[in-house]
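Remarks on the overall topology
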Amino acid sequence: MGAYASNFKDDSGVIVAEFSDPTKGDWVTAHAEATGMAVVEVERLWQRFQQLGCNEQGVLPIEVFQQKSPLFEDVFARNILRSFKEQDEIHFQTFLNALNWCEDTETEAKVRGVFHLINNGSPINKDLMFRVLKRVYPDDSDQAVQRTTDVFMSQVDDKNQGSIDEDQFMKWVLKMPKESIEAVTQFHIIPPEINEEAHKAFVSGSPGGEPLEGRSARVRPSARTGATASGAIPADGILMALTDRAYTRDWHLLANKLGFLRADVQQFEKQYPRDTKKQVSLMLKTWRDQEGQNATTGVLAQALRGSNMADLVPLLSP
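What about helix α17 (residues 297-305)?
Those residues of α17 that fall on the buried side of the exposure criterion are Thr 297, Leu 300, Ala 301, Ala 303 and Leu 304. One side of α17 holds all its buried residues, which, seen down the axis, span an arc of 160 degrees. Those residues of α17 that are buried lie in contact with α13 (236-246), α14 (251-257) and α16 (276-291).

Below, the structure written as structure tokens:
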């Protein structure tokens, strides 16, 4: 997990703790600017960080968290914290970067992160897999879990090496339906239902029904949930914003919901190999061009909801 945890460190760009602290008015907004997150997200996570037991400097000592949280009794939770702690402490900015990574990173990278978490990136042997499955099926007998372990190892360890390496783990996981993998790895800093209430407050905050000035800065555009002009054809800017969020998700399913076949998806991938964002952009623009007047935001919104991307529907609002 250490290779992935390097993304969480505060050693690139602005380090907020060097010029601010929780007593100053810019503590939340400075972190929002430094991490690229919305103020409302940082506010929510600051409350959570305080509940974990951070000190007056906005730093969470590991020993404090260890005393307050039963998670430390679990070896995997200890591995998570060990991977990005800094001199036995976690800074708020590191905490934000970690959760931002959990929300925005591509599914495949998250799965690789899980593998590195299980055994610090080392191959998983049968004994360790037994312990993992014992946590997954705590009510099963040791004999039943051992049988499951034996079957799992025989199916995944196709090299007969007595352990599962990263490539074997990824090969096994990626055979699963993408929507199933995404359902497990998907993470929202702000739950969609809370975003919906926030957006309702945003659009009806003033007596005249107009948005309150400055309120929009508190709501992440991709996190709003509201109505769209269902008959409108999405402009380039809307498709670009949607691409920025959808390319880390199961965009193959979205393409299917928009009427594309597997062969079509393969052509998008062939045109821009190893560049998922451009593949998604091409797919969306091709859909709009082919469908003409039928390529409305209403149709696109319905496809997003059917692809487990309902939280992206507000991006379609002009």
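Some points on unusual backbone geometry
Even without glycine at this site, Asn 120 takes up a positive phi of about 55 degrees. Tracing the backbone shows Asn 120 in the loop between α7 (107-119) and β3 (124-125). Overall, the relative accessible area of 51% leaves Asn 120 in the exposed class. In this structure, Arg 274 is a non-glycine residue whose phi angle is positive, near 65 degrees. Tracing the backbone shows Arg 274 in the loop between α15 (262-271) and α16. By relative accessible area, Arg 274 is classed as exposed at 80%.

Notes on the packing of α7 against helix α10 (residues 166-173)
Where α7 contacts α10, the two axes come as close as 10 Å, and the packing angle between them is 130 degrees. Put simply, α7 runs oblique to α10. Our pair here, α7 against α10, has a crossing hand that is right-handed. Taking contact as the criterion, the partners of Glu 108, Val 111, Arg 112, Val 114, Phe 115, His 116 and Ile 118 in α7 are, on α10, Glu 166, Asp 167, Phe 169, Met 170 and Val 173. Residues that form the contact of α7 with α10 fall into these classes: 7 nonpolar, 1 polar and 4 charged.

Digging into the nonpolar core
With 26 residues, the main nonpolar core has Leu 242, Leu 254, Leu 258, Met 283, Leu 284, Leu 300 and Leu 304 as its most contacted residues. Those elements giving two or more residues to this core turn out to be α13, α14, α15, α16 and α17. With 5 residues, α16 is the single largest residue contributor to this core. When residues no more than four places from it in sequence are discounted, the contact partners of Leu 254 are Met 283, Leu 284, Ala 303, Leu 304, Ser 307 and Met 309. Listed in part, the 21 residues of the second largest apolar core include Trp 46, Cys 54, Leu 60 and Leu 99.

A short note on the pattern of salt bridges
Oppositely charged side chains can pair when the atoms bearing their charge come close. For the structure shown, the criterion picks out 10 salt bridges. Between Glu 108 and Arg 112 there is a salt bridge, with the nearest N and O atoms lying 3.3 Å from each other. Of this pair, Glu 108 and Arg 112 both sit in helix α7, 4 residues apart, which is roughly one turn of that helix. A relative accessible area of 23% places Arg 112 in the partly exposed class. For the salt bridge of Lys 277 with Asp 244, the shortest nitrogen-to-oxygen distance reads 3.4 Å.

With respect to the packing of aromatic side chains
Throughout the structure, instances matching the rule amount to 11 aromatic pairs. Ring centres 4.7 Å apart and planes at 85 degrees place the aromatic pair Phe 152 and Trp 172 in the edge-to-face group. One end of the pair, Phe 152, is in helix α9 (residues 142-156); the other, Trp 172, is in helix α10, with 20 residues separating them in the sequence. Given the relative accessible area of 30%, Trp 172 is considered partly exposed. Among the aromatic residues, those joined into a cluster by ring pairs are Trp 27, Trp 46, Phe 49, Phe 92 and Phe 95.

Observations concerning the environment of Val 64
With respect to the element layout, Val 64 can be found in helix α4 (residues 62-68). Take Val 64: its relative accessible area is 24%, and that puts it in the partly exposed class. It is 9.3 Å that separates the C-alpha atoms of Val 64 and Glu 89, two residues lying 25 residues apart in sequence. Other than its neighbours up to four places away in sequence, Val 64 contacts Leu 52 and Gly 53.

About the criteria used
- Residues numbered from 1 in each chain as written.
- Predicted model: local features only at pLDDT ≥ 70, side-chain atom pairs only at ≥ 80, totals over all residues.
- Heavy atoms only, no water.
- Buried < 20%, exposed > 50% of the residue type's maximum accessible area, 1.4 Å probe, protein only.
- Helix = DSSP H or I, 4+ residues; strand = E, 2+ residues; numbered from the N terminus.
- Arc of directions from axis to C-beta.
- Contact = heavy atoms within 4.5 Å.
- Axes fitted to C-alpha atoms, helices over the stretch in contact; angles between N-to-C directions.
- Parallel < 35°, antiparallel > 145°, perpendicular 65-115°, else oblique.
- Left-handed = near helix turned anticlockwise from the far one by under 90°.
- Nonpolar A, V, L, I, M, F, W, Y, C, P; charged D, E, K, R; others polar.
- Core = buried A, V, L, I, M, F, W, Y, C linked by side-chain atoms within 4.5 Å.
- Salt bridge = Lys/Arg side-chain N within 4 Å of Asp/Glu carboxyl O.
- Phe/Tyr/Trp six-rings, centres within 6.5 Å; stacked < 30°, edge-to-face > 60°.

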